[in-house]
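Remarks on the overall topology
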Amino acid sequence: MARVTVDELRKEYDTGSVVAVNDLSLEIEDGEFVTVVGPSGCGKTTTLRMLAGLEEPTGGRIEIGGEDVTDVHAKNRDVAMVFQNYALYPHKTVFENMEFGLRMSTDLSEAEREARVAETAEMMDIEELLEDKPDELSGGQKQRVALGRAIVREPDLFLFDEPLSNLDAKLRTTMRAEIQRLQNELGITAVYVTHDQHEAMTMGDRIVILDGGELQQQGRPTDVYERPVNGFVGGFIGSPSMNFVDVDVEPDGDRLHLTGRDGEFAYDLSGAYVDRHADDLESSRYTLGVRPENVTVADGAANAIATTVDVVEPVGSDNFLHLGLSDEFIARVDSDVRLEPGDRVTIAFDESDVHLFDAETGRNVL
Ligand code: ATP
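Residues numbered from 1 in each chain as written. Predicted model: local features only at pLDDT ≥ 70, side-chain atom pairs only at ≥ 80, totals over all residues.

**Examining the overall build of the protein chain**
Of regular secondary structure, the protein chain possesses nine helices and 20 strands. Once local pairs closer than 6 in sequence are excluded, the contacts in the protein chain between residues at least 24 apart make up 64%. (Helix = DSSP H or I, 4+ residues; strand = E, 2+ residues; numbered from the N terminus. Contact = placed C-beta atoms within 7 Å.)

And the structure:
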């Protein structure tokens, strides 16, 4: 296994008019499972392909296991990649698919190769499939084979490019758990690209969030969830998404008074809390962010906000209440909170759950 260093990695296309990856720097520890997430076009795949050696960087450096591999050809990097479309050889059997890479990249004897394939097939529970061709397999089986083919080579680094996107929801959950089991058993170093923030949050030791080719934030999933550095990360991580309300902020005695710019919204933050947590508040225009799960329906609570229920969306254990506070403001409440569209409600949330994003820079100041 190997530590990976990415230093100011850059990729431009079309003679510089598209900057797909903008001076990205990352350290990935030996045995760490890092998920890379962001919206379509944020540069995830390009980053991964540069790590694999399939795309030549415009600038910057990549080190794998202490070796500068920036100019090393893909086939000479000790890296295995698992693709969304499985990329199995259609005319080879499962055994041949798994054994072929070993033959190309190691000088193991035939008997050693067969033993390795057998061992990996057992680990992946695909022993029964070894004589089958890919088109005889289900999507889930194909992806197990693709994983097995990567694992059998015992590479320094595993790269996953949206490997579960073609599977149905149930199978995706099973395969997620499977990959996590392998990660624990084998202690693999992995970079896992996905557009699915839930997948990124649940699988990663660390999550890296990109937007527009630039690193937005990296950290443990819970830290990123609790302390998003900017409005983009706040809105991208979490489902349903964080609620945003544009507010004007002004001091009011020992409190900070927040007034909605587009409607009936008022909220007070205590001066003591702001002093403890906030950076300097340099402007008066901010966007307040609060997560749906932190909003409660509470009559008579301090700092309560009166509003109207627009839509009630039952999702089983919870109800999502769409409220008339901004374009999209959702409270996630217990399903036994019985409300109808048109009802007036009072909602509340704790100041410790409030984020305040600078209206111009997007930076979280609280
Ligand atoms: P998706 O989730 O849609 O695959 P992504 O985050 O993986 O997106 P990339 O595929 O890395 O994003 O693309 C990043 C940017 O680079 C996009 O603007 C894309 O249009 C551009 N791009 C990628 N490959 C090329 C190419 N070969 N030529 C020109 N532009 C490209």
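**Section: the site of the ligand**
Near the ligand there are 13 residues, and of these Tyr 13, Ala 20, Ser 40, Thr 45 and Thr 46 occur at the shortest range. Of all the secondary-structure elements, those providing two or more residues to the shell around the ligand are strand 2 (18-28) and helix 1 (44-52). Looking at the shell around the ligand, the element that brings in the most residues is helix 1, giving three residues. For the shell around the ligand, the per-class residue count stands at four nonpolar, seven polar and two charged. (Near = placed C-beta within 6 Å. Nonpolar A, V, L, I, M, F, W, Y, C, P; charged D, E, K, R; others polar.)

**Focus: the environment of Gly 41**
Residue position: Gly 41 is located in the loop between strand 3 (33-37) and helix 1. For Gly 41, a count of 14 C-beta atoms within 10 Å translates into the label partly exposed. For the pair Gly 41 and Val 21, spaced 20 residues apart in sequence, the C-alpha separation works out to 9.9 Å. (Buried ≥ 20, exposed ≤ 12 C-beta atoms within 10 Å, placed from the backbone.)

**Side note on the environment of Val 6**
The residue Val 6 is located in strand 1 (residues 4-13) in this model. Sequence separation between Val 6 and Lys 75 is 69 residues, and the spatial gap between their C-alpha atoms is 19 Å.

**Comments concerning the pairing of strand 10 (residues 214-219)**
Sheet topology places strand 9 (residues 206-211) next to strand 10; five bridges connect them, and they run antiparallel. In the sheet register, Asp 211 faces strand 10, and the bridge partner there is Glu 214. Taking the residues that link successive antiparallel strands as the turn, the strand 9-strand 10 hairpin has two residues, and the phi of Gly 212 there is positive, at about 55°. (Pairing = 2+ DSSP bridges.)

**Quick notes on the sheet that holds strand 14 (residues 285-290)**
Taken in spatial order, the five strands line up as 13-12-11-14-20 in an open sheet, and their pairing is antiparallel. The outermost strands of the open sheet, each flanked by one partner alone, are strand 13 (266-270) and strand 20 (355-358). Adjacent strand axes in the sheet meet at a mean angle of 40° when their direction is disregarded. Here strand 14 pairs with strand 20 via four bridges, running antiparallel. Opposite Gly 289, over in strand 20, you have His 355 as the bridge partner. (Axes fitted to C-alpha atoms, helices over the stretch in contact; angles between N-to-C directions.)

**Regarding unusual backbone geometry**
A cis geometry characterises the amide bond from Ser 239 onward to Pro 240, with omega recorded as -5°. Looking at the element boundaries, Pro 240 is found in the loop between helix 8 (231-236) and strand 11 (243-252). The backbone of Glu 8 sits at a positive phi, close to 45°, despite the residue not being glycine. Here Glu 8 lies in strand 1. For Asp 23, which is not glycine, the phi torsion reads 50° and is therefore positive. Tracing the backbone shows Asp 23 in strand 2.

**Observations concerning the environment of Val 247**
Mapping Val 247 onto the fold places it in strand 11. Put simply, Val 247 and Asp 125 are 122 residues apart on the chain and 55 Å apart in space, counted from C-alpha to C-alpha.

**Some details on helix 2 (residues 94-105)**
For helix 2, spanning 12 residues, the distance from its first C-alpha to its last is 18 Å, which sits close to the expected 16 Å at 1.5 Å a residue. Listing the buried residues of helix 2 in full gives Val 94, Phe 95, Asn 97, Met 98, Glu 99 and Leu 102. Contacts from the buried residues of helix 2 go to helix 3 (110-123) and helix 4 (139-151). (Expected span 1.5 Å × (residues − 1).)

**Thoughts on the domain arrangement of the protein chain**
According to the domain assignment, the protein chain consists of domain 1 (4-236) and domain 2 (243-358). Computed from C-alpha atoms alone, the centre-to-centre distance between domain 1 and domain 2 is 39 Å. Across the contact, five residues belong to domain 1 and five residues belong to domain 2. A breakdown of the residues in the side of domain 1 that touches domain 2 according to their chemical character gives one nonpolar, four polar and no charged. (Domains from an automatic or database assignment.)

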